[in-house]
Amino acid sequence: MKKLTKLLALLAVLALIAAACGDDDETTDSGDSTSSSASASASESASSSEMAEEDEMADEDEMAEEDEMADEDEMADDGDVRIVSLSPTATEMLFAIGVGPLVIGVDQFSNFPAETADVENTGLDGFTINVEAIAALEPTHIFMQSNEAAEAFRTLGIEVIENNAAQNFDEVYAQIEQLGAVTGNVGEAAELVLQMQTDIEAATADLPDVTGLTYYHELTPDYFSATSSTFIGQIYGLFGLVNIADEADPDGFGFPQLSEEYIVDSDPDFIFLADTICCEQNADTVGARPGWEGLQAVNSGNVVELNDDIVSRWGPRIVDFIAVIAGAIESATVDA
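Counting restarts for each chain, with residues numbered from 1 along the sequence as it is written. Given that the model is predicted, a residue must reach a pLDDT of at least 70 before its local features are reported, and side-chain atom pairs must reach 80 or more before they are shown or counted; all residues, however, enter totals for whole chains, interfaces and linings. To obtain the side-chain values, all non-hydrogen atoms of the structure were included, while hydrogens and water were left out.

**Here we look at the nonpolar core**
Here is a general trend for soluble globular proteins: nonpolar side chains tend to be buried in one another's company. Take the buried residues of types Ala, Val, Leu, Ile, Met, Phe, Trp, Tyr and Cys, join any two whose side-chain atoms come within 4.5 Å, and each joined set is a nonpolar core. Relative accessibility under 20% of the residue-type maximum defines a buried residue, over 50% an exposed one, and the middle range a partly exposed one, all with a 1.4 Å probe and only protein chains included. By size, the foremost hydrophobic cluster in this structure holds 53 residues, and its most contacted members are V172, I176, Y236, L241, F272 and F321. For this core, the secondary-structure elements that each account for two or more residues are helix 2 (88-96), strand 2 (103-107), helix 5 (169-183), helix 6 (186-203), helix 7 (231-237), strand 8 (270-273), helix 11 (308-312) and helix 12 (318-330). Only runs of H or I of at least four residues qualify as helices and only runs of E of at least two qualify as strands under DSSP, and these elements are numbered from the N terminus. Element by element, the count of residues in this core is highest for helix 12, at eight residues. For I176, the residues in contact, after removing those within four places along its chain, are M93, I97, A189, L192, V193 and M196. Counting residues in hydrophobic clusters, the runner-up holds 14 residues, among them L86, L124, A149 and V160. Whether two residues are in contact is decided by their heavy atoms: any pair within 4.5 Å suffices.

Okay, structure coming up:
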């Protein structure tokens, strides 16, 4: 977000005029010669002076530009920068680009990385936001999802960066780069994005062809799921898997609630559980559900236990999510 300011210099050309006067023609001729010589010398001197001044101004411009760039790059080391993150995704991004030491407050769900436990103010409510209490922490920047409290913070002179759920990979990368620009860690953000892209490419390369195999992604034990139109669905789409929830979402909501009968009839090749932490679901509890013991995924050992936090955040750890899917596919016992 930082814009570089170039210094504009207006250069004035100095004209030095030398005049000589004489009483007779000889004196006049001599004077004219002297005048011409003096004028030429003065013009040459002025030209040299102008060039020197231009060089000096150019050097000053370059130095000023370099200083400003250095200021931006060193913003993350500036003791005056105080960040509050009310978004667990933003928190993960901030720490991943090296700005963690400047974070002085996080919301109640910001639990990664482990260093968040050392933040001075933890457990701030990211939903019912107490503007007065958070403003009392004297933050210079607040990262949060869209909320009416944002305008209240701006009124107090606090810079607010709204960090909403990304809808695709490009938006994830754009958000990381935005955080890098705001905090002065542009290089670190670019490096993180490149590393994520490299890791994702490596995780999805040289896998068995499972195109056409089906899966069920479980968000909750009462069978809420996510379709291919969601960011979660796009991640599975990297592998060519078919989402059984798509046909159950004619309105395009993206997160339909399936029925137990629908899931059993669909008999997915893979079941991915994103409710292992919140709701203690695992391969054993799924296999014990009435009628599920005969499912292909259960019999083949293709019930995959995911980390709820990782699959519900759109930050750097989507690489871990993709790696788990890749691992499941690599060890799958179903026929592709």
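**Digging into the side chain of S225**
Of note, S225 is situated in the loop between strand 6 (214-218) and helix 7. Excluding residues within four positions of it along the chain, S225 makes contact with Y216, H217, L219, A245, G254, F255, P256 and L258.

**Some thoughts on the pairing of strand 4 (residues 141-144)**
Residues H141 and F143 of strand 4 are buried on one face, and the alternating residues I142 and M144, pointing to the opposite face, are buried as well. Strand pairing is assigned whenever DSSP detects at least two bridges linking the two strands. Two strands pair when backbone bridges link them, and strand 1 (residues 83-85) and strand 4 are joined in this way by three bridges, in the parallel orientation. Bridge assignment links V84 to a residue of strand 4, and that residue is I142. Note on handedness: a crossover is taken as right-handed if, strands pointing away from the viewer, the path from the first strand over the helix to the second is clockwise. Handedness of the crossover joining strand 4 and strand 5 (residues 159-162) through helix 4 (residues 149-155): right-handed.

**Brief notes about the pattern of salt bridges**
Should a side-chain nitrogen of Lys or Arg be within 4 Å of a carboxyl oxygen of Asp or Glu, the pair is scored as a salt bridge. Applying the stated rule across the entire model yields six salt bridges. As a salt-bridge pair, R154 and E151 come within 3.9 Å of each other at their nearest N and O atoms. Pair noted here: R154 and E151 are both in helix 4, with a separation of three residues, about one helical turn. The partly exposed category is assigned to R154, whose relative accessible area is 33%. R289 is paired through a salt bridge with E218; the nearest N and O atoms lie 2.8 Å apart. Note that R289 is positioned in the loop between helix 9 (283-287) and helix 10 (296-299) and E218 in strand 6, a separation of 71 residues in sequence. Grouping residues by exposure puts R289 and E218 together as buried. Overlapping salt bridges bring together E92, D309, R313 and R317 as one network.

**Brief notes about the layout of surface pockets**
Grid spacing is 1 Å over the protein atoms alone, the probe is 1.4 Å, and a cavity is where that probe fits but cannot get out, while a pocket is an open set with protein on both sides within 12 Å along at least five of seven lines and lining residues have an atom within 4 Å of a point. Grid points are joined across faces, edges and corners, and a volume is the space filled by probe spheres set on the points. Estimates place the volume of the largest pocket at around 490 Å³. Forming the walls of the largest pocket are 23 residues, and the residues nearest its centre are L219, I232, F255, V311 and S312. Those elements that place two or more of their residues in the lining of the largest pocket are helix 7, helix 11 and helix 12. Sort the elements by how many residues they give to the lining of the largest pocket and helix 11 lands first, with four residues. Polar here means any residue other than Ala, Val, Leu, Ile, Met, Phe, Trp, Tyr, Cys and Pro, which are nonpolar, and Asp, Glu, Lys and Arg, which are charged; Gly is therefore polar. Considering only residue class, the lining of the largest pocket consists of 15 nonpolar, six polar and two charged. The volume enclosed by the second largest pocket comes to roughly 350 Å³. Forming the walls of the second largest pocket are 17 residues, and the residues nearest its centre are P88, D107, F109, F127 and Q145. For the lining of the second largest pocket, the secondary-structure elements that each account for two or more residues are helix 2 and helix 11. Here the lining of the second largest pocket is built from residues that sort into seven nonpolar, seven polar and three charged.

**A closer look at the sheet that holds strand 7 (residues 242-243)**
Strand order in the open sheet made by the four strands is 7-6-8-9, with parallel pairing throughout. Looking at the sheet topology across the chains shown, the edges are occupied by strand 7 and strand 9 (303-305). Each of strand 6, strand 8 and strand 9 touches helix 12; the most contacted strand, strand 8, lies at about 150 degrees to it. Between N-to-C directions, angles span 0 to 180 degrees; the directions come from axes that are lines fitted to C-alpha atoms, helices contributing only their stretch in contact.

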